[in-house]
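Given next are the chains, with one letter for each unit.
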Amino acid sequence: MLIGSSLMPQKKNPDSLELIRGKAGRVFGRCAGFMMTLKGLPSTYNKDLQEDKEAMFEVYDTMCGILQVSAGVLSTLKVNSYACSGALTPDMLATDLAYYLVRKGIPFREAHGLSGVCVSLTEKRGCSLKHLNLADFKSVSNVFEEDVNKVWDYEHSVEQYQSTGGTSRACVTEQISKLETWLQQ
C-alpha cells in the first residue's frame, strides 16, 4: 500500500506503517488517561467514568483503521530477500560478540565493554568486525577462541534467541500458532 508523494506525482511512498506508528502515541495516551481515571476511583462506579466513553470510542475507531491498513499492507507485502540480505553488515552483530563472551563466563557489563573495544579496533583499522583475526580478538581478551568466527553467521544470530517471544523460527512459529488459535476463539 503506497501513498502518492505530495511533490512528485510519479513517486509512491510506503507511508502506511509510519502513519500507524504515529497513531500509537495517541492510543497509548488515551489508555494512560483512562487508567488515571480508574486509579482515582474510590470504589465502584462514579461519575468520573463518564469520561471513558470518548477515549474508548476514539481508540476503537483508530484501531479499526489501523487493522484495516495493516491487513492491506501485509496482503500486498513483497519481501525482497536479496536486498534484505545485502543490507546486513557485521557491525549489526556487535551485541552477539558480547553474548559470545557471556557464554564464555564473562559478565555482560564487562563483555559489552570488550565488544566496544573490538568495535573501536575496527574503526581504527577501517575494517569490519568479521575481518579481525584471532590475534586481534585475543589482544582484547584471552577468552576469545577460534569459534568466535561463528558469531558472524546471521542465521545463527536469529536462531540463538529461543525464549518466549524470541526470534528463532521455532519461537516465531509458536507465536503465530498461538495468535491463530486466539483469533479463532
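Bear in mind that the values here come from a model prediction, so they are computed numbers and not experimental data.

Draft legend 1. Summary view of the overall build of the chain. The secondary structure content of the chain amounts to eight helices and two strands. Written out in order from the N terminus, the α and β elements of the chain read β-β-α-α-α-α-α-α-α-α. Scaling as 2.2 N^0.38, a compact globule of 185 residues should have a C-alpha radius of gyration of about 16 Å, whereas the chain reaches 24 Å, well beyond that. Each principal axis of the C-alpha distribution contributes one length, and for the chain these read about 70 × 55 × 35 Å. Per-residue burial over the chain gives 24% buried out of 185 residues. Long-range pairs, those at least 24 residues apart, make up 45% of the contacts in the chain between residues at least 6 apart in sequence. As presented, the chain carries roughly 13,400 Å² of accessible surface, and 60% of it is formed by carbon and sulfur atoms. Separation between the mean location of the 20 positive side-chain charges and that of the 21 negative ones in the chain comes to 3 Å.

Draft legend 2. Fine view of the packing of aromatic side chains. Summed over all chains, the structure comprises five aromatic pairs. Look at tyrosine 99 and phenylalanine 108: their rings are 5.7 Å apart centre to centre, the planes differ by 35°, and that puts the pair in the tilted class. By relative accessible area, which is 29% here, tyrosine 99 ends up partly exposed. For phenylalanine 108, a relative accessible area of 39% gives the class partly exposed. On the basis of an interplanar angle of 75° and a centroid distance of 6.1 Å, the ring pair of tyrosine 99 and tyrosine 161 is categorised as edge-to-face. Residue tyrosine 99 is located in helix H4 (residues 94–103), and its partner tyrosine 161 is located in the loop between helix H7 (154–159) and helix H8 (169–184); the two are separated by 62 residues in the primary sequence. Cluster of aromatic residues (ring-pair linked, three or more members): Tyr100, Phe137, Phe144 and Trp152.

Draft legend 3. Region of the structure containing the environment of glycine 40. By the secondary structure assignment, glycine 40 is in the loop between helix H1 (16–39) and helix H2 (52–76). For the pair glycine 40 and tryptophan 152, spaced 112 residues apart in sequence, the C-alpha separation works out to 52 Å.

Draft legend 4. Geometry of the pattern of salt bridges. Applying the stated criterion to the full structure yields ten salt bridges. One salt bridge in this structure joins arginine 26 and glutamate 58, with 3.5 Å as the shortest N-O distance. With arginine 26 in helix H1 and glutamate 58 in helix H2, this residue pair connects regions lying 32 residues apart in the sequence. The partly exposed category is assigned to arginine 26, whose relative accessible area is 48%.

Draft legend 5. Seen up close, the packing of H1 against H2. Orientation of H1 relative to H2, taken along the N-to-C sense of each, is 155°, at an axis distance of 10 Å. As the angle between them shows, H1 and H2 are arranged roughly antiparallel. The two elements H1 and H2 meet at a crossing, and its hand is left-handed. Only Asp52, Glu54, Ala55, Met56, Glu58, Val59, Thr62, Met63, Ile66, Val69, Ser70 and Val73 of H2 make contact with H1, whose side of the interface consists of Ser16, Leu17, Ile20, Lys23, Arg26, Val27, Arg30 and Phe34. Counted by class, the contact of H1 with H2 contains eleven nonpolar, three polar and six charged residues.

Procedures and definitions
- Position numbers for residues count from 1 along each chain, tracking the sequence in the order it is written.
- Only residues with pLDDT of at least 70 are given local features in this predicted model, and only at 80 or more are side-chain atom pairs given and counted; all residues enter the totals for whole chains, interfaces and linings.
- No hydrogens and no water enter the side-chain calculation; it runs on all heavy atoms of the structure.
- Runs of E in the DSSP output that reach at least two residues are strands. Runs of H or I that reach at least four are helices, and both are numbered from the N terminus.
- Put simply, the radius of gyration uses C-alpha atoms, and a globule should come to 2.2 Å times the residue count raised to 0.38.
- With a 1.4 Å probe rolled over the protein chains alone, any residue whose accessible area is under 20% of its type maximum counts as buried; one over 50% counts as exposed, and the rest are partly exposed.
- In this analysis, two residues are considered to be in contact whenever any of their non-hydrogen atoms come within 4.5 Å of each other.
- Here the Shrake-Rupley method, with its probe set to 1.4 Å, supplies the accessible areas, and only the displayed protein chains count as covering residues.
- When charges are counted, Lys and Arg contribute as positive and Asp and Glu as negative, whereas His and the chain ends are disregarded.
- Charge positions are represented by NZ for Lys, CZ for Arg, CG for Asp and CD for Glu.
- Working definition: rings of Phe, Tyr and Trp (its six-membered ring) pair if their centres are within 6.5 Å, and the pair is stacked with planes under 30 degrees apart, edge-to-face with planes over 60 apart, and tilted otherwise.
- In the sections that follow, a salt bridge refers to a side-chain nitrogen of Lys or Arg positioned within 4 Å of a carboxyl oxygen of Asp or Glu.
- Axes here refer to lines fitted to C-alpha atoms; in helices the fit is confined to the stretch in contact. Angles between the N-to-C directions go from 0 to 180 degrees.
- Reported orientations rely on four angle classes, namely roughly parallel under 35 degrees, roughly antiparallel over 145, roughly perpendicular from 65 to 115, and oblique for the rest.
- Two helices cross in a left-handed way if the nearer one is turned anticlockwise from the farther one by less than a right angle. They cross in a right-handed way if the turn is clockwise.
- Residue polarity follows a fixed list, in which Ala, Val, Leu, Ile, Met, Phe, Trp, Tyr, Cys and Pro are nonpolar, Asp, Glu, Lys and Arg are charged, and the others, Gly among them, are polar.

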